[in-house]
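Okay, here's what each chain looks like letter by letter:
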Amino acid sequence: MSAELALEVKNLKKYFRLDRRRTLKAVDDVSFTVGKGEVLGIVGESGCGKTTVGRTIARLYTPTSGSIIFDGKDITSAKESELLWFRRKLQMIFQDPYASLDPRMTVSEIIGEPLDVHRLATGKERAERINHLLSIVGLSPEHASRFPHEFSGGQRQRIGIARALAVDPEFIIADEPISSLDVSIQAQIVNLLTRLQEERGLSFIFIAHDLSMVRHISHRVGVMYVGKMVEIAGSEEIYKHPLNPYTKALMSANPIPDPDIEKGRTRLTLPGEVPSPINPLPGCRFAGRCPQAMERCKHEDPELKEVEPGHWVSCFLY
Amino acid sequence: METAIEGKAFAPSSGEAPLLSIEDLQVSFYTYAGEVHAVRGVSYSVKKGSSLAVVGESGCGKTVTVQSVMRLIPTPPGRIKGGRIIFKGKDILALSEKEMQSVRGKEIGMIFQDPMTGLNPTMNVGSQIVEAIVKHQRVDKATAWEKAVKMLEMVEIPNPKVRALQYPHQYSGGMRQRAMIAMALACEPDLLIADEPTTSLDVTIQSQILDLLLELQERLGMTIIIITHNLGVVARLANEIVVMYAGKVVEQGTSSQIFYRPLHPYTHALLRSVPRLDRKTRTALASIPGTPPDLFVPPKGCAFAPRCPRAMKVCLEADAFPMELEKEHQVSCWLYHESNPRAAMELEKGGVAIER
């Protein structure tokens, strides 16, 4: 990790207009940074906007407002034709390895496509690079001529990773890359991602709903709730000293695979359910379920503040 | 080594007769590609009032086993090829469909991963619960409706009187799961089978549902079989655990035995492959190389042998049988067989229990 920033996101908003009266505020004023060689985990429940954040940064969506500074350059409103360099530097790994690979393409076509788009290799060199990428992710050259349906979920995710690595990116956004996989296969993929990240000094955003997994692979963790970033801290810090009541509840809801610890834990169970991001009420989004909500929380929106070095929280308690 | 190694087949631990016992169950599916041996001789039992968790990865046969208990295996393509399922003294597999209908719902309730598969989208939730009550109990509609509302209240659905008149699409995911639980419990079954009941839910909602199940179990003295791949959920809910792999039970025991003294190398690897909130981050997870075997052609020996770091020659030749190594703790692994000169030492080592 260096102090140099790979990515700076400032006041990012992504709204989806549903009809004349309703707007879905998927990401609503989110700011954070990712250092070079750093892994930032983003965790939250369904509908919190974590996927939209990832996709907006990758410019699969055009932001509603705010700015995205990648490697010192503002790419917020760059045209697609100006983004080719950016697409080579930032790659995505998707959740569903069944939907994200074209079933009519062979593995070598899937992995070779980015090489063609960015004109990185042709002929013999191209074939060699494909084989090399396959071996990096733990597949073998004879897999190159096969189709995605011939592979298991874990192997498909490996193909997706090889494709992302084909252009030699500096930054990877992985959106729930393991949640459709079995436990023992999850560990394989997580170990692979961690190893690649370290070996290549990649910057990384790892998006998932499983807090223990996110914490495991990240240097820092950001917690989102209904379009807002409610807390960001180092992954040890966020477990030991969670500040936002939502982070505490999330931590408490996450069962630990150890019966003695589990049975002895005092649990903070949240009442109610996650509110809708469509036309959200004013005030803190969590106020309706928060055990420590105050009058102020219902009217004012707390801002994300640095309360201790490196520990950011948006909550009026601090 | 000889394939036919005789050993004492395990006898269920003494004490009162279990509420449900599955004995050497075999289920296959006949597909165009051939026969899938989904369940290959599964035996486990659950005592009254206990909560048993069945863990294993997709395709290990954990769901097919409980679907057989409910006699919900689609036939064809599925077929129960052998074994017995004894529930309260009667063999479920010998019952007629009509007799089975009075077991389903009344004596055994079931909840599914996706609550929408268990709820009818064209009927309001109250009527669906009433339907379940009227089917098994001699009560009039008005009493049944009252009871339905009471059930919704018991599973903590806010405003149950109004909610009973609403349709499943007007419920959120967590509330649908609560409604399913209400329906499954409406006839006060002796056994509740929950197949991945929280897998599709967010973690804060999962926590609410687990609280509810624990509380209901305590209050109603209900017996629960929960199927899940989430070891955290298992730690919170279960007092007995069955670990399945490739259509067989590889280990079973009490919750502390499985978590703190896992004996089968698969159990051991499974426990160490999940990250924990209370652990140091960015250390390598113990991963299991390879993938589970193809159940079209089940292996001759132990199904886990090709991925097992402790595999021996015998493991590829013949499958181990369940051996009871301590009270209520059975494991199917050659490491612990008396013909292994190091067996006693292996047991002493206790797998390699999770470091605490």
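Residues numbered from 1 in each chain as written. Chains lettered and ligands numbered in written order. Predicted model: local features only at pLDDT ≥ 70, side-chain atom pairs only at ≥ 80, totals over all residues. Heavy atoms only, no water.

What follows concerns the pattern of salt bridges. For side chains of opposite charge, pairing can occur when their charged atoms come near one another. Here the structure, examined in full by the defined rule, presents 39 salt bridges over all chains. Linking E156 of chain B and R178 of chain B is a salt bridge whose minimum nitrogen-to-oxygen distance equals 3.7 Å. Taken together, the residues span a long stretch of sequence, with E156 of chain B in the loop between α5 (141-154) and α6 (160-163) and R178 of chain B in helix α7 (residues 173-185) at a distance of 22 residues. For the salt bridge of E215 of chain B with R219 of chain B, the shortest nitrogen-to-oxygen distance reads 2.8 Å. Remark: R219 of chain B and E215 of chain B occur in helix α8 (residues 203-220); sequence separation between them is four residues, near one turn of the helix. Residue classification places E215 of chain B among the partly exposed positions, given a relative accessible area of 32%. Connected via shared salt-bridge partners are E4, K36, D71, K89 and E170 of chain A. (Salt bridge = Lys/Arg side-chain N within 4 Å of Asp/Glu carboxyl O. Helix = DSSP H or I, 4+ residues; strand = E, 2+ residues; numbered from the N terminus. Buried < 20%, exposed > 50% of the residue type's maximum accessible area, 1.4 Å probe, protein only.)

Residue and element names in this part refer to chain A. Within this structure, the stated rule accounts for twelve aromatic pairs over all chains. Here the aromatic rings of F16 and Y61 are separated by 5.4 Å at their centres, their planes lie at 85°, and the arrangement is edge-to-face. On the criterion of sequence distance, the pair formed by F16 in strand β1 (residues 5-17) and Y61 in the loop between α1 (50-57) and β4 (65-70) is long-range, its members being 45 residues apart. Using a relative accessible area of 26% as the deciding quantity, one classes F16 as partly exposed. (Phe/Tyr/Trp six-rings, centres within 6.5 Å; stacked < 30°, edge-to-face > 60°.)

This paragraph deals with empty space enclosed by the protein. All names here are of chain A. Following the criterion strictly, the structure yields seven cavities of 30 Å³ or more and no others. What the largest cavity holds in volume is close to 100 Å³. What lines the largest cavity is a set of 15 residues, and nearest its centre among them are P245, C284, C290, C297 and C315. Per-class residue counts for the lining of the largest cavity are twelve nonpolar, three polar and no charged. (1 Å grid on protein atoms, 1.4 Å probe; cavity = no way out; pocket = protein on both sides within 12 Å on 5 of 7 lines; lining within 4 Å. Points joined across faces, edges and corners; volume = space filled by probe spheres on them. Nonpolar A, V, L, I, M, F, W, Y, C, P; charged D, E, K, R; others polar.)

Right, let's get into the interface of chain A and chain B. With 46 residues of chain A at the interface, the matching set in chain B holds 46 residues. In total, about 4,000 Å² of surface goes out of reach between chain A and chain B, with carbon and sulfur atoms giving 54% of it. Counting the surface chain A buries against chain B, the share from its top three residues, V183, H216 and P257 of chain A, is 17%. Summed over the shared surface of chain A and chain B, the number is one salt bridge. D258 of chain A serves as the salt-bridge partner of R276 of chain B, at 3.4 Å between the closest nitrogen and oxygen. Our count for the contact surface shared by chain A and chain B stands at 20 residue pairs in polar contact (both at pLDDT 80 or more). Listing elements by their share of the side of chain A that touches chain B, those giving two or more residues are α6 (183-200), α7 (211-217), α8 (235-240), α9 (245-253) and α10 (259-264) of chain A. Top element by residues in the side of chain A that touches chain B is α6 of chain A. It accounts for ten residues. Taken together, the residues of the side of chain A that touches chain B sort by class into 19 nonpolar, 15 polar and twelve charged. (Contact = heavy atoms within 4.5 Å. Buried area = accessible area lost by both parts, 1.4 Å probe. Polar contact = N/O pair within 3.5 Å; in protein donor to acceptor, adjacent residues only side chain to side chain.)

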